[in-house]
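A closer look at the structure
As a plain string of letters, each chain reads:
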Amino acid sequence: MPDVIVVGGGASGMMAAGTAAYYGANVTLLEKNNRTGRKILVTGKGRCNITNNCDRDTFIQNVPTNPRFLYSAISNFDSQDTISFFNELGLETKTERGNRVFPVSDRAMDVADALYSFVRNNGVKVIESTVKSLITQDDKVVGVVDSIGREFFADSVIIATGGMSYPGTGSTGDGYALARSVGHTVTKLKPSLVGLVSSDSFCSELQGLSLKNVALTAYENNKVIYKDFGEMVFTHRGVSGPVVLSASAHMRDFDKKTYSISFDLKPALTEENLDLRLQREFTNHKNNQINNSLKELLPKKLIPVILKRWGIEETKKCNSITREERKVFLDLLKNFTVNISSLGSISEAIITSGGISTKEIKPKTMESKLISNLFFCGEVIDVDAYTGGFNLQIAFSTGRLAGYYSAIKEG
């Protein structure tokens, strides 16, 4: 019976630990927090978007960073396998818009608990411990040392420590240092699925305003790179919310390119229908000031910002709005543009882009190409995907491979 140590008790770590134990290994899971699955609890607004119910090719299309590396992992354990896995653990799932899969309970805690039961029911020993270094011998990893000097020896070690995002959950980059210590390359670390920073001052004026059912179009050098529909929110520094987080994954080169986002505030109406609506509103309020006549069209907080961008005095009467001015207003409603200056910080990001180079990991087993008996899984690897359950599926798929091959490895 081989001994396997798993460093990190997140989604990929628990999948790896439980899988290795299921296939006969004696597994010890070392987790720095006092409970496993801390980051799972904050995913999907506390609901946990477990996976995306799509086929392999669609899945790979949603992975912008090193997608080919994941072919074996996704082929071996895909979204249908993940759904079946959780169902068999007693967690019922449902598929929502965009093929996003959630627990029927809408509780991320239930996902974390299901994974923990998978770990414990297969006999994994869970220890609260922060790993500080690897023990190597004859070009092999043979164990780890923790922060208080305890040595844990094993036939294989799996690093599943996550990235740099959400450091409060324990993702503080520990795995990168461990990998570097045995010669691995760590690519540049950047935030992904994160709020966007804007130089437009009106964003801070609109801080806290949430808009539902808006259409987003993202531009790179004035070329359309992404479209979405859903909810967004203005922040003190820019914009955030589900559609913005998705768009952020497409913005990766601020040193050389310019980015902007346009929101259609009235996506249910064509320009022609919206123009007819505006004409009706202005006729019905013909003797009223324009600032008092937009309450049925726009949220109260947005009105002064729109008027300022429109260049219209708030005291102007509706019956004096010209046809040309109305067209400018219509364009503002259909194309409310926000200039993007940078991504938010990595500590605020849902996902870390970058990590241990995929060129140095065997894609069919997740074992290091540089040193024997060392495996990797999850966000610590240089792979990341768009929002929609894809990143958690990567964690489950790579964790499954690492767990299985560490358990059956000989020598």
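Residue positions are given per chain, counted from 1 along the sequence in the order it is written. Two thresholds apply to this predicted model, a pLDDT of at least 70 for residue-level local features and 80 or more for giving and counting side-chain atom pairs, whereas whole-chain, interface and lining totals are computed over all residues. Processing note: side-chain calculations cover all non-hydrogen atoms of the structure and skip hydrogens and water entirely.

**Some points on the overall build of the chain**
Tallying secondary structure elements over the chain gives 12 helices and 20 strands in all. Referenced to the eigenvectors of the C-alpha coordinate spread, the extents of the chain come out at roughly 85 × 45 × 35 Å. Should any heavy atoms of two residues lie within 4.5 Å, those residues are counted as being in contact. Excluding contacts between residues fewer than 6 apart, the proportion of contacts in the chain whose partners are at least 24 apart in sequence is 72%. Computed with a 1.4 Å probe, the accessible areas rest on the Shrake-Rupley method; for each residue, only the protein chains presented here act as cover. Split by element, the accessible area of the chain, about 17,900 Å² in all, is 45% carbon and sulfur. Just so you know, the count uses Lys and Arg for positive and Asp and Glu for negative, and it drops His and the chain ends. One atom stands in for each charge, and that atom is NZ of Lys, CZ of Arg, CG of Asp or CD of Glu. Taken together, the 48 basic and 44 acidic charged side chains of the chain have centroids lying 4 Å from each other. The secondary structure listing takes helices from DSSP runs of H or I that are at least 4 residues long and strands from runs of E that are at least 2 residues long, numbered from the N terminus.

**Things to note about the sheet that holds strand S3 (residues 51-52)**
Strand order in this open sheet of three strands is S3-S5-S4, and the pairing throughout is antiparallel. The open sheet has two free edges, formed respectively by S3 and strand S4 (93-96), since each of these has just one partner strand. The pairing criterion is simple: DSSP has to find at least two bridges between the two strands. Across four bridges, the pairing between S4 and strand S5 (residues 100-103) is antiparallel. Bridge pairing links Thr-93 to Pro-103 in S5.

**Observations regarding the environment of Glu-88**
Residue placement: Glu-88 occurs in helix H4 (residues 79-88). Since its relative accessible area comes to 72%, Glu-88 is described here as exposed. Taking the C-alpha atoms as reference points, Glu-88 and Ser-12, 76 residues apart in sequence, are found 18 Å from one another. Burial classes follow relative accessibility: with a 1.4 Å probe on protein chains only, a residue under 20% of its type's maximum area counts as buried, one over 50% as exposed, and anything between as partly exposed.

**Brief notes about the nonpolar core**
For our purposes a nonpolar core is just a set of buried Ala, Val, Leu, Ile, Met, Phe, Trp, Tyr and Cys residues, chained together by side-chain atoms within 4.5 Å. Ranked by size, the top nonpolar core spans 74 residues in total, and within it Val-27, Phe-86, Val-144, Leu-374, Phe-376 and Phe-396 carry the most contacts. In terms of residue count, helix H12 (residues 390-408) provides more of this core than any other element does, eight residues in total. Core analysis: the next-biggest nonpolar cluster, separate from the first, contains 47 residues, Cys-203, Leu-302, Cys-318 and Leu-332 among them.

**Section: unusual backbone geometry**
Although it is not a glycine, Leu-193 adopts a positive phi angle of roughly 55 degrees. Within the fold, Leu-193 resides in the loop between strand S11 (190-192) and strand S12 (196-197). Taking relative accessible area as the criterion, Leu-193 reaches 2% and is therefore assigned buried. Even without a glycine there, the phi angle at Asn-373 is positive, about 70 degrees. One can find Asn-373 in the loop between strand S19 (351-353) and strand S20 (374-376). Accessibility expressed as a relative area gives 5% for Asn-373, which makes it buried.

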